[in-house]
Amino acid sequence: MARLNRFIHIPARAQRPKGRRALAYFLLIAATALAGCMRWDYPGIGNPVGEAAPEGVFVVCEGNFQYGNATLAFYDPADDAVENEVFARANGARLGDVAQSMTIALDRGWVVVNNSHVVFAIDPDTFREVGRITGLTSPRYIHFIDPRKAYVTQLYDNRIFIVDPRTYSVTGHITVPGMESGDGSTEQIVADPAGRYVYVNCYSYWNLILKIDTATDTVVDMLEVGVQPRAMVMDRLGRLWVLTDGGYPGSPYAYEPPTLVRVDLDTFSVGLRLTFPLGTLATDLAINGAADRLYFTADALWEMPVTASELPAEPLVPYAGTRYYALTVDPVRGDIYLADAIDYQQPGVVYRYSAAGELLGQFRTGITPTAFCWKEAGGL
């Protein structure tokens, strides 16, 4: 059977998007108004790009909030070639407003567009739309439980939506206890090795990891890990690693040093907590294909084995004034990809490093590259 989840997520943001979150209620009203004028009518095929290479990485680019200029790019490492605007060129229409994440599952690429309240299903070879899930509040990430059920997390909603990917329809909800005020958000979803439970980080003004029973679609436990957990990965030993950003100065919720936390799932408790200096900009967390080495951006780019019990002494790639906005590791080659949002107005850039931290190359993308999604030959 096809593998159900191949996705590199990028969580809720620090700095600029934090300002957006501080205006949550205003933005919710504005997003609702914008939804009334969003259209996905296809007047004709754009400038076709042909079929994608069998292996490569999609780059999801947010664009600017309320400008409807989100884009999707595809990079082929074998040819060192990037194609930008592949969704618009294949479908004759823009992707929408604030693209957030992408997952490849069930022979489709699922692109989550937050402020357009939609998840597009595309052919990952031709980039053509084959379906869409609508009726969502503010979708962030989609995770597939099985071929008949997926979860979609939300930014401005205390429910995780349950959808049927076969019919592109919402079939139910999981209500998050204590999130009735609307301040919290659900973000990434990571499955445990056995597949019975999934874990969800609650980011905006929260400090929790949720444990959800996928058989009953209910929250069965919650764990405090630190202020604003923003990214998660599962290591080869079946432990969950969580990066928290600590909030920001003046936050109405809390402000504390960022942390890297290891959650031991057999007891669902914090087994290790590593703390960064207060004010460190902790933005993303990734793991290599063997799931034995962690990579994280905390001002600079850092790397350490999953067996480590303390933070590394020196960064893999020193801080150089860049605004790291997304991070991934090639699951086959081991190369590291770092996305720089620059000023959030011009096209971003992705830097490609070797596992040893040597710069191998770079390429331009759309505005604010925010997430990566790997396409592997035979891996759909």
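None of these values were measured; they are calculated from a predicted model.

Turning our eyes to something else, we now look at the overall build of the protein. Summing up its helical and strand segments, the protein has three helices and 27 strands in all. Across the 380 residues of the protein, 61% fall into the buried class. Long-range pairs, those at least 24 residues apart, make up 50% of the contacts in the protein with a sequence separation of at least 6. Taken as a whole, the protein presents about 14200 Å² of accessible surface, with 51% of it coming from carbon and sulfur.

Quick look at the environment of Arg132 now. Following the sequence through the fold, Arg132 ends up in strand β7 (residues 129–133). The partly exposed category is assigned to Arg132, whose relative accessible area is 27%. Side chain to side chain, Arg132 and Glu129 meet in a polar contact 2.8 Å long.

Let's shift gears to the sheet that holds strand β26 (residues 359–367). Overall, antiparallel pairing links the four strands, which are arranged β23-β24-β25-β26 in an open sheet. Where the open sheet ends on each side, the last strands, each with one partner, are β23 (324–329) and β26. Adjacent strand axes in the sheet meet at a mean angle of 20° when their direction is disregarded. As paired strands, strand β25 (residues 347–353) and β26 are joined by six bridges and run antiparallel to one another. In the sheet register, Pro347 faces β26, and the bridge partner there is Ile367.

Further remarks concern the packing of aromatic side chains. Enumeration over the complete set of coordinates arrives at 13 aromatic pairs. Ring centres of Phe58 and Phe127 lie 6.0 Å apart, and the angle between their planes is 85°; on these two criteria the pair is classed as edge-to-face. One end of the pair, Phe58, is in strand β1 (residues 56–61); the other, Phe127, is in the loop between β6 (118–122) and β7, and 69 residues separate them in sequence. Taking the relative accessible area as the measure of exposure, Phe58 reaches 0% and is therefore buried. For the ring pair Tyr325 and Tyr344, a centre distance of 5.6 Å and an interplane angle of 70° mean the geometry is edge-to-face. Separated by 19 residues along the polypeptide, Tyr325 in strand β23 and Tyr344 in the loop between β24 (336–340) and β25 bring together distant segments of the chain. Tyr344 shares its class with Tyr325; the two are buried. Against the face of Tyr197 rests Lys211, its NZ or CZ located 4.4 Å from the ring centre. A cation over an aromatic ring shows up here: Lys211 above the ring of Phe268, its NZ or CZ 5.8 Å from the ring centre.

So, how was this worked out
- Residues numbered from 1 in each chain as written.
- Predicted model: local features only at pLDDT ≥ 70, side-chain atom pairs only at ≥ 80, totals over all residues.
- Heavy atoms only, no water.
- Helix = DSSP H or I, 4+ residues; strand = E, 2+ residues; numbered from the N terminus.
- Buried < 20%, exposed > 50% of the residue type's maximum accessible area, 1.4 Å probe, protein only.
- Contact = heavy atoms within 4.5 Å.
- Areas by Shrake-Rupley, 256 points an atom, 1.4 Å probe, with all protein chains shown as cover.
- Polar contact = N/O pair within 3.5 Å; in protein donor to acceptor, adjacent residues only side chain to side chain.
- Pairing = 2+ DSSP bridges.
- Axes fitted to C-alpha atoms, helices over the stretch in contact; angles between N-to-C directions.
- Phe/Tyr/Trp six-rings, centres within 6.5 Å; stacked < 30°, edge-to-face > 60°.
- Lys NZ or Arg CZ within 6 Å of the ring centre and 35° of its normal.

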